[in-house]
Amino acid sequence: MSKQTPTEVSVNSAAGRATGFQLAIPDEPGTPRIDSALARNRAFAAAGGHEGAVVFPNLRLFVITCLDPRVDPAHFLGLQLSDAMVVRNVGGRVTPEVINDVAFISQITENVLPDGPMFEVAVIHHTQCGAGALADATFRRRYAERIGAEEADLRDHAVLDPAATVTSDVERLRSAPAISERVAFSGHVYDVLTGLVQTIVPASAHRKNGETAPTPATPQAGQIGFASS
């Protein structure tokens, strides 16, 4: 089988200039199929790759990140089966649905860990994010019409400055009353060019009433793990 050379195109000029995002399309695209993935599944099962998997993550980690195929936490964080819970959406944004997911897991965890810290939620945005297209008025208007959403709401989902958006999303989680105060939160940026993750907001606990928002740390290379305090 010959190796396909991808052709890079910008989703639209405004978003492309702002984020550096380009969509790589194979010169000879094939029919979208799951057959190859299913064949890998058979090999996975035959090798016993599913054995020993557990429900509560080994790292006590809940990752929220983008659905971009370049941004797979199993690879850039080296996650193994049962290491973490992972939610992926456009931009890795903290939406009401994501908050509900974290609240659900925190309620489940309360039955297993009645005391002490539960797990850490690591929000990871990335460079060259395609969600930057939502900053373009034409693209945003057409998308809003397509899904029946308010255009103004979609503008807030754009990821142009991942350090700023991840800080905002961590604060949104910390302020959510539905999430247990025993859950910790952190924010990070993954650079798709270097392969490195930088910590923007160090792990901190749920913000109680009256507390002020944390001051984001200067970006630095950091590790993501369960916060023990």
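Residues numbered from 1 in each chain as written. Predicted model: local features only at pLDDT ≥ 70, side-chain atom pairs only at ≥ 80, totals over all residues. Heavy atoms only, no water.

## Notes on the layout of surface pockets
As a reminder, the rule being used: Computed over the protein atoms alone on a 1 Å grid, cavities are sets of points where a 1.4 Å probe fits but cannot get out and pockets are open sets with protein on both sides within 12 Å along at least five of seven lines; a residue lines them when it has an atom within 4 Å of a point. Grid points are joined across faces, edges and corners, and a volume is the space filled by probe spheres set on the points. Only DSSP runs of H or I covering at least 4 residues are called helices, and only runs of E covering at least 2 are called strands; the numbering of each starts at the N terminus. By the convention adopted, Pro, Cys, Tyr, Trp, Phe, Met, Ile, Leu, Val and Ala count as nonpolar, Lys, Arg, Asp and Glu as charged, and the other residues, Gly among them, as polar.
By volume, the second largest pocket amounts to about 250 Å³. Considering the residues around the second largest pocket, the lining is formed by Phe44, Pro73, Ala74, His75, Leu79, Gln80, Leu81, Ser82, Ala84 and Val86. Of all the secondary-structure elements, those providing two or more residues to the lining of the second largest pocket are helix 3 (73-76) and strand 4 (84-89). With three residues, helix 3 is the largest single contributor of residues to the lining of the second largest pocket. Of the residues contributing to the lining of the second largest pocket, the split by class is seven nonpolar, three polar and no charged.

## Here's the deal with the confidence of the model for the protein chain
Rules: Confidence scores here are pLDDT values: one per residue, from the predictor, ranging 0 to 100. Throughout, a residue-residue contact means that at least one pair of heavy atoms, one from each residue, lies within 4.5 Å.
Per-residue pLDDT for the protein chain averages 85, and the proportion of residues at 70 or more is 76%. Contacts for the low-pLDDT stretch residues 1-9, under 50 throughout, to residues beyond four places or in other chains number 20 contacts. Overall, residues 212-229 carries pLDDT values under 50, and its contacts beyond four positions in sequence, including any with other chains, amount to 40 contacts.

## What about helix 4 (residues 96-110)?
Basically, it comes down to this: Here, expected helix span is obtained from the residue count minus one, scaled by 1.5 Å. Accessible area is worked out with a 1.4 Å probe on protein chains only. A residue is then buried under 20% of its type maximum, exposed over 50%, and partly exposed in between. By arc we mean the arc of the directions from the helix axis to the C-beta atoms, nothing more.
Given a rise of 1.5 Å per residue, 15 residues ought to cover 21 Å, and the 21 Å separating the end C-alpha atoms of helix 4 matches this to within 8%. Within the span of helix 4, buried status applies to Val98, Ile99, Val102, Ala103, Ile105, Ser106 and Thr109. The arc that holds the buried residues of helix 4, viewed along the axis, is 165 degrees, so those residues lie on one side. Every exposed residue of helix 4 that faces more than 90 degrees away from the buried side is listed here: Pro96, Glu97, Phe104 and Gln107. Structurally, helix 4 contributes buried residues whose contacts are with strand 3 (61-66), strand 4, strand 5 (120-126) and helix 7 (162-174).

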